[in-house]
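Okay, here's what each chain looks like letter by letter:
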Amino acid sequence: MSESLFPRLAEALATPDIEQKLAFTAAIAADWQAGLLDWQDTLPLELTCGVPEKPELVPPKLVPQRSPQTEEGRARLLHAIVHIEFSAINLALDHAVRFPGLPEKYYADWIGVAAEEAYHFTILRERLNSLGYDYGDFPAHAGLWEMAMKTADDPLARMALVPRLLEARGLDATPPIQRRLEQAGDDASARVLDIILHDEIGHVGLGDYWFRQLCAERKLEPEMTYLDLLGRFKAPRPILPMNEAARQQAGFSAAELAALAKKM
């Protein structure tokens, strides 16, 4: 007899214990692949997002600037990315558990993303450990999760403003970070970011796919709807210069990228 998917997702989302969250996420992905989880059995759930005691979460402007020219600066930079990847595990779990009644592929996609984000977190944390630091040693901010809560009542807005906006900003930010790490002699960390950039194109692409699917269901024009949502939610704009090649791979059209650049 199959087990309901949603309580398992809620349990993984709710735990504040890092190792437990990684283990729960891996187990959900394995059981999903084995066909052991029922995605149609939806009972109302009280959802909470568990975060560890550390890092201390502060407003983005209070997170110090990170120069990779020193070992501590490099550790601070890596810590910020490790925190983004930890947040991304919670985001993918929440994408899946928050919105019942969607197609089976939707849950398959975001369970797969949660497992990949857990892998990203693990390999980046290993790089941070190699510098003598660990996750939680520096302050971080909760900007990604704040947008998730603002879009908690609408999967269309969630797909637009979390994977298709905030995670797409990561596509823009990663190559300059890689160059800074290479200039500081940390090629190993830059190569780990190659893996993450490759996978994140796929994650943004899933956000694009589901955003467009939901727009089609509601008879909305996607690219105008996206611009409308950016304004309505006072969302941060893309980082310039945009990584246009990566964004096009993820589903953005050349015309849309031109419109976004013009809005900037």
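Quick look at the structure, then.

What counts, and at which threshold
- Residues numbered from 1 in each chain as written.
- Predicted model: local features only at pLDDT ≥ 70, side-chain atom pairs only at ≥ 80, totals over all residues.
- Heavy atoms only, no water.
- Helix = DSSP H or I, 4+ residues; strand = E, 2+ residues; numbered from the N terminus.
- Rg over C-alpha atoms; globule rule 2.2 N^0.38 Å.
- Buried < 20%, exposed > 50% of the residue type's maximum accessible area, 1.4 Å probe, protein only.
- Contact = heavy atoms within 4.5 Å.
- Areas by Shrake-Rupley, 256 points an atom, 1.4 Å probe, with all protein chains shown as cover.
- Lys, Arg positive; Asp, Glu negative; His and termini not counted.
- Charge placed at Lys NZ, Arg CZ, Asp CG, Glu CD.
- Core = buried A, V, L, I, M, F, W, Y, C linked by side-chain atoms within 4.5 Å.
- Phe/Tyr/Trp six-rings, centres within 6.5 Å; stacked < 30°, edge-to-face > 60°.
- Lys NZ or Arg CZ within 6 Å of the ring centre and 35° of its normal.

What about the overall build of the protein?
- Within the protein, the regular secondary structure consists of ten helices and two strands.
- When the elements of the protein are put in sequence order from the N terminus, they spell out β-α-α-β-α-α-α-α-α-α-α-α.
- Relative to the 2.2 N^0.38 estimate, which gives 18 Å for 264 residues, the radius of gyration of the protein is 18 Å and therefore close to what a compact globule would have.
- A total of 264 residues make up the protein; the buried ones form 50% of that total.
- Partitioning the intrachain contacts of the protein with sequence separation of at least 6 by distance along the chain shows that 78% fall at a separation of at least 24.
- Carbon and sulfur atoms make up 55% of the accessible area of the protein, which amounts to about 12300 Å² in all.
- Computed over 27 positive and 39 negative side-chain charges, the inter-centroid distance for the protein is 8 Å.

Looking at the side chain of Asn243
- Tracing the chain through its elements places Asn243 in the loop between α8 (222–232) and α9 (244–249).
- You can call Asn243 buried: its relative accessible area is 16%.
- Asn243 has contacts with Leu171, Asp172, Pro175 and Leu197, leaving out every residue within four places of it along the chain.

Section: the nonpolar core
- Ranked by size, the top nonpolar core spans 78 residues in total, and within it Leu5, Leu9 and Leu161 carry the most contacts.
- Discounting chain neighbours no more than four positions away, the residues touching Leu161 are Met147, Thr151, Leu166, Leu229, Leu230, Phe233 and Ala235.

Some remarks on the packing of aromatic side chains
- Considering all chains together, one arrives at eleven aromatic pairs under this definition.
- The interplanar angle of 55° and the centroid separation of 5.5 Å between the aromatic rings of Phe86 and Phe121 together place this pair among those described as tilted. You can see Phe86 sitting in helix α3 (residues 71–98) and its partner Phe121 sitting in helix α4 (residues 104–130), a full 35 residues away along the chain.
- Owing to a relative accessible area of 2%, Phe86 belongs among the buried residues under this scheme.
- Judged by its relative accessible area of 0%, Phe121 is buried.
- Ring centres of Tyr106 and Tyr107 lie 5.2 Å apart, and the angle between their planes is 85°; this geometry places the pair in the edge-to-face category. Each of the two residues, Tyr106 as well as Tyr107, counts as buried.
- These aromatic residues form a ring-pair network of at least three members: Phe6, Trp39, Tyr106, Tyr107, Tyr209 and Trp210.
- Positioned above the aromatic ring of Tyr226, the side-chain terminus of Arg164 is 4.5 Å from the ring centre.
- Its end group placed over the ring of Phe252, Arg164 keeps NZ or CZ at 4.1 Å from the ring centre.

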